[in-house]
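Coordinates in review
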Amino acid sequence: MLTEAELQKKWESLTFTDNFIFSRVMHDEHICRQVVELILGVRIGEIRYLSAQDEHKTDPDSMRIIMDVFLRDENRIINVEMQTGHKKELPKRSRYYQSVADVSTTSTGTKYRDLPENILIFICTFDPFNKNLPRYTFQYICNEDKRLKLKDGSLRIFLNTTATKLSALDQKLQAFYHYLQKGVVESDLTQTISDSITTLKNNSIERRSFMTLALKMADIEYDAYENGFDRGHEAGLQAGLQQGLEQGAYQKALETAKMFLSYGDPPEKVAICTKLPLDVVQGLL
């Protein structure tokens, strides 16, 4: 169980890359607009938030996901996610997120031509594709003719905030990367984000919300550990028992084979009767 002092220390150490802080700060429309426009390089229209860390799913039996920042303007639905743990399944995760975003925002009777652009932005505190590129942008293209794009309105962007070569980015985006990497303030946007976090951390209600959430997560992790330990212990006992039975059966088969061989039975017959490999039986001779 986390103590009050440990929770307070954890609260004070939170940065923009922590999901709790990220979601809270990005629900400031002024900041969110600047961050999204900086990453996309285009102006976006009036923002309407579609969720605030709510669960989304396509039907009652489908896998649930929680989106950090989910919004739309007149022409786009945009999902911005902070990813802090290296996940090998990130590409397929991105595919699922976009499909859920489409289904959860499309009403019955909508024409395909009226579907808005679907943009997914993963801000990663690791290099998702190990190429040291500051960003990876994906759109569907034709394998046979690279000039031909599908133009289905989907776009996936992965920011690698650990990248060391940022010269391809404009200065404002470089400043954003530096802030994510080292917490240094070099632009108006990063100053605004920093000020917002300071205000947030001085808010006793937000602090209590975080501590309550942290305690719940700690309980869940502990329960998962306990269940995993119990299952692992039980599985270990079962495996040990099975291994013991197998070893015992093997020894018994060897003793039986020796007995048959002592009676003069041919190795081929002994191997068939004891289900031992022929070379093992021959070795007993």
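The coordinates are above.
Residues numbered from 1 in each chain as written. Predicted model: local features only at pLDDT ≥ 70, side-chain atom pairs only at ≥ 80, totals over all residues. Heavy atoms only, no water.

**Re helix 3 (residues 29-40)**
The end-to-end C-alpha distance of helix 3, which contains 12 residues, comes to 16 Å, matching closely the 16 Å that a straight helix rising 1.5 Å per residue would cover. At the N-terminal boundary of helix 3, the capping side chain belongs to Asp28, with an oxygen 3.0 Å from the backbone nitrogen of His30. Downstream of helix 3 by one or two residues, Gly41 has phi in the positive range, about 75 degrees. (Helix = DSSP H or I, 4+ residues; strand = E, 2+ residues; numbered from the N terminus. Expected span 1.5 Å × (residues − 1). Polar contact = N/O pair within 3.5 Å; in protein donor to acceptor, adjacent residues only side chain to side chain.)

**Let's talk about the pairing of strand 6 (residues 117-124)**
Across the 8 residues that make up strand 6, a large majority, 7, are buried. Here strand 6 pairs with strand 8 (residues 154-160) via 7 bridges, running parallel. Each bridged residue has a counterpart across the sheet, and for Ile121 the counterpart in strand 8 is Ile157. (Buried < 20%, exposed > 50% of the residue type's maximum accessible area, 1.4 Å probe, protein only. Pairing = 2+ DSSP bridges.)

**Some details on the pattern of salt bridges**
Scanning the entire structure with this criterion turns up 8 salt bridges. Of the charged contacts in the structure, one is a salt bridge between Glu206 and Arg24, with a shortest N-O distance of 2.9 Å. Placement of the pair is Glu206 in helix 7 (residues 204-262) and Arg24 in helix 2 (residues 19-26), with a sequence separation of 182 residues. Of the residues examined, Glu206 reaches a relative accessible area of 17% and is grouped as buried. Under the relative-accessibility criterion, Arg24 is labelled partly exposed at 34%. (Salt bridge = Lys/Arg side-chain N within 4 Å of Asp/Glu carboxyl O.)

**With respect to helix 2**
With 6 of its 8 residues buried, helix 2 lies for the most part within the structure. Listing the buried residues of helix 2 in full gives Phe20, Ile21, Phe22, Ser23, Val25 and Met26.

**Focus on the packing of helix 2 against helix 6 (residues 188-201)**
For the pair helix 2 and helix 6, the least separation of the axes is 10 Å and the interaxial angle reads 110 degrees. One element, helix 2, and the other, helix 6, form an angle in the roughly perpendicular class. When you trace helix 2 past helix 6, the crossing you get is right-handed. Taken together, the residues of helix 6 that come into contact with helix 2 (itself represented by Ile21, Arg24 and Val25) are Ile193, Ser196, Ile197 and Leu200. Split by residue class, the contact of helix 2 with helix 6 holds 5 nonpolar, 1 polar and 1 charged. (Axes fitted to C-alpha atoms, helices over the stretch in contact; angles between N-to-C directions. Parallel < 35°, antiparallel > 145°, perpendicular 65-115°, else oblique. Left-handed = near helix turned anticlockwise from the far one by under 90°. Contact = heavy atoms within 4.5 Å. Nonpolar A, V, L, I, M, F, W, Y, C, P; charged D, E, K, R; others polar.)

**Description of the side chain of Asp127**
Mapped onto the fold, Asp127 is located in the loop between strand 6 and strand 7 (135-138). Here the side chain of Asp127 touches Phe129 through a polar contact of 3.2 Å, landing on its backbone nitrogen. Polar side-chain contacts of Asp127 include one of 3.5 Å to the side chain of Asn160. Residues within four places of Asp127 in sequence aside, it is in contact with His86, Asn132, Leu133, Tyr136, Asn160 and Thr162.

**Observations concerning the nonpolar core**
With 44 residues, the main nonpolar core has Phe16 and Ile193 as its most contacted residues. Ranked by residues supplied to this core, first place goes to helix 3 with 7 residues. In this structure, Ile193 is in contact with Phe16, Val25, Ile31, Val35, Phe176 and Tyr179, ignoring residues within four places of it in sequence. Counting residues in hydrophobic clusters, the runner-up holds 15 residues, among them Met67, Val100, Phe126 and Phe158. (Core = buried A, V, L, I, M, F, W, Y, C linked by side-chain atoms within 4.5 Å.)

**Remarks on the packing of aromatic side chains**
All told, the structure shown has 11 aromatic pairs when counted by the stated rule. With 5.8 Å between their ring centres and 85 degrees between their planes, Tyr97 and Phe122 make a pair best called edge-to-face. Linking Tyr97 in helix 4 (residues 90-105) with Phe122 in strand 6, this pair joins segments that are 25 residues apart in sequence. Of the two residues examined, Tyr97 and Phe122, each falls in the buried class. Measuring from centroid to centroid gives 5.2 Å for Phe129 and Phe158, while their planes differ by 85 degrees, and the two rings are edge-to-face. Of this pair, Phe129 sits in the loop between strand 6 and strand 7 while Phe158 sits in strand 8, and the two are 29 residues apart along the sequence. The exposure class of Phe129 is partly exposed, given its relative accessible area of 23%. Judged by relative accessible area, which is 3%, Phe158 ranks as buried. (Phe/Tyr/Trp six-rings, centres within 6.5 Å; stacked < 30°, edge-to-face > 60°.)

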